[in-house]
Structure formats: C-alpha cells, structure tokens
Amino acid sequence: MPEFNPQTLDALRQPLETGEVTVARANHHITYPARVQLVAAMNPCRCGGGAGQCRRGPRCASEYQGRLSGPLLDRIDLQLDVPAVTAADLALPPPHEGTAEVAARVQAAREMQADRCPVLNAVMDQATLERVALPDAPGQALLSKAATALALSARGYHRTLRVARTIADLDGGGGVRRPHVAEALSFRRIWASAQAPPVVRDATVS
Ligand SMILES: [Zn+2]
C-alpha cells in the first residue's frame, strides 16, 4: 500500500467515510457511488524484512509506514500483523475450520444483523449504533480507558463499537460485552511510527 503516492492514498478517505466519491472541476462537480471494501497489505519497511532483518535501521520502517496518514489508518477498522510463515508452520495440520464453515458463521451473523436493522453494522447510522452496540458496564469501562490510552478519535471510537457489535454477532448475537470490545480494540492499531503500537492488555481475551 505505501508504494502509492500519499495524496492518492488520502483520496480514499472520502469514499471510505461516506461511500461516495466527488470529482470537482472548475465549474462543476459530480458525485458517484463508491461503497467499497478496502483490503490492503504492506511490508514492515521498504526492504520487506522489518525488525531484525532490515539493514537500514528503524528509520526505514518509520519512513515507509509514515506514507500512510493517520486519518487514512483511522478509517481502516481491522489492522493485523501477519508474521512470516516458518518452516515449522508448513508442517502443521490444516485448520479444523475451513472456508465453508467460516462462510456459514458469517452468513448467520449477517442474517442476525438483517433482523435487527435494515442495514449492516458497517453502515447503520450513529444513533442506531449507539442503541444496539452499547457494551455492558465492564465493556464501557474498557472502551473509555482505551479511548484515552490510544487517543481514539470520535471516528475511531464509533468504528470500534461497530466492530465490537459484529464480533458479538459472530459470537451468537447477544449483547456487546467486554471481550468483544477488547477484540475490536486489538484490531485498531495506529502505526504513527515504527515503534511498537500501543497495546491494551485484556486478560479476558486469549
Ligand atoms: Zn528496511
């Protein structure tokens, strides 16, 4: 992802936020529908190796990762480290849950969402979100603490709630509880620099 021009990347902010893109020229502007699911990948640094394998030190990673702006990262809800596959990993048996089983779980969660609200969690309005994704008291306490510790923006706060609601749906559709909030927070990592991103520890999530 950081191989794209930073201005091009930042142009993604509008469609990711509103589901529309506006093209403006001198005397005219036009808006097109642009609801997308963005899936993107990046190496830890330009050489690809990251910590321990890069010969150019931490600046290599910080410069590379710095090409993605904070506001763009703020609109990416699920951010994951994907460690390199080792030879030992290749010898492991295949996971017990295959694509078909996961698809069935996702379908069940989507049906639950459709019963609750005419639109999916990702696009429901904020008032509905605050009604249906209100976490239990320990979940609210964790979210408030994390909002300060991670300096969550208002957008980040509400996007975390959306993800927590979906995690709770995948977990059977009951209320949003602390483990769901903790898992949602674990996907929200602001890579402002090459330093390790802040982590909110939560013993209830393995
Ligand atoms: Zn490097």
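Thresholds, definitions, all that
- Residues numbered from 1 in each chain as written.
- Predicted model: local features only at pLDDT ≥ 70, side-chain atom pairs only at ≥ 80, totals over all residues.
- Buried ≥ 20, exposed ≤ 12 C-beta atoms within 10 Å, placed from the backbone.
- Helix = DSSP H or I, 4+ residues; strand = E, 2+ residues; numbered from the N terminus.
- Pairing = 2+ DSSP bridges.
- Domains from an automatic or database assignment.
- Axes fitted to C-alpha atoms, helices over the stretch in contact; angles between N-to-C directions.
- Parallel < 35°, antiparallel > 145°, perpendicular 65-115°, else oblique.
- Left-handed = near helix turned anticlockwise from the far one by under 90°.
- Contact = placed C-beta atoms within 7 Å.
- Nonpolar A, V, L, I, M, F, W, Y, C, P; charged D, E, K, R; others polar.
- Core = buried A, V, L, I, M, F, W, Y, C linked by C-beta atoms within 7 Å.
- Expected span 1.5 Å × (residues − 1).
- pLDDT = per-residue confidence, 0-100.

**What about the pairing of strand E1 (residues 20–25)?**
Part 1 of the reasoning: Among the 6 residues in E1, 0 count as buried, and that is only a small part of the element.
Part 2 of the reasoning: The pairing of E1 with strand E2 (residues 28–33) spans 6 bridges and is classified as antiparallel. Bridging across to E2, Arg-25 finds its partner in His-28.
Part 3 of the reasoning: Hairpin connection between E1 and E2: a loop of 2 residues separates the two successive antiparallel strands.

**A closer look at the domain arrangement of the chain**
One frequent convention defines the size of an interface as the accessible area lost when the parts assemble.
Part 1 of the reasoning: Under the domain assignment, the chain is made up of domain 1 (6–76) and domain 2 (96–186).
Part 2 of the reasoning: Placing the centre of domain 1 and that of domain 2 at their C-alpha centroids yields a distance of 24 Å.

**Quick word on the packing of helix H9 (residues 154–170) against helix H10 (residues 178–186)**
Part 1 of the reasoning: The interhelical angle for the contact between H9 and H10, taken along N-to-C directions, is 125°, at an axis separation of 8 Å. With respect to H10, the axis of H9 lies oblique. Pair H9 / H10 crosses with right-handed handedness. Contact with H9, carried on its side by Thr-160, Val-163, Ala-164, Ile-167 and Ala-168, involves His-180, Val-181, Glu-183, Ala-184 and Leu-185 of H10 and no other residues of that element.

**Focus on the packing of helix H8 (residues 137–149) against H10**
Part 1 of the reasoning: The interhelical angle for the contact between H8 and H10, taken along N-to-C directions, is 25°, at an axis separation of 7 Å. One element, H8, and the other, H10, form an angle in the roughly parallel class. The element H8 and its partner H10 pack so that their crossing is right-handed. Where H8 approaches H10, its residues Pro-138, Gly-139, Leu-142, Leu-143 and Ala-146 are matched on the opposing element by Arg-178, His-180, Val-181, Ala-182 and Leu-185.
Part 2 of the reasoning: Each residue belonging to the contact of H8 with H10 can be placed in one class, and the counts come to 7 nonpolar, 2 polar and 1 charged.

**Some points on the nonpolar core**
Side chains of a nonpolar character, in soluble globular proteins, are inclined to be buried together.
Part 1 of the reasoning: Core analysis: the largest hydrophobic core is formed by 15 residues, its most contacted members being Ala-164, Val-181 and Ala-184.
Part 2 of the reasoning: Per-element accounting of this core gives the leading share, 5 residues, to H9.
Part 3 of the reasoning: For Ala-184, the residues in contact, after removing those within four places along its chain, are Thr-160, Val-163, Ala-164 and Ile-167.

**Describing H9**
Part 1 of the reasoning: In a regular helix each residue adds 1.5 Å, so 17 residues correspond to 24 Å; H9 covers 25 Å between its end C-alpha atoms and thus fits that length.
Part 2 of the reasoning: Looking only at H9, the buried set comprises Gly-156, Arg-159, Thr-160, Leu-161, Val-163, Ala-164, Arg-165, Thr-166, Ile-167, Ala-168 and Asp-169.
Part 3 of the reasoning: Contacts made by the buried residues of H9 are with helix H4 (70–74), helix H6 (99–116), helix H7 (126–132), H8 and H10.
Part 4 of the reasoning: Gly-172 sits one or two residues past H9 and shows a positive phi near 120°.

**Here we look at the confidence of the model for the chain**
Part 1 of the reasoning: Per-residue confidence for the chain averages 86 on the pLDDT scale, and 91% of its residues sit at or above 70.
Part 2 of the reasoning: Low confidence marks residues 191–206, where pLDDT is under 50. Its contacts with residues over four positions away, or in another chain, come to 25 contacts.

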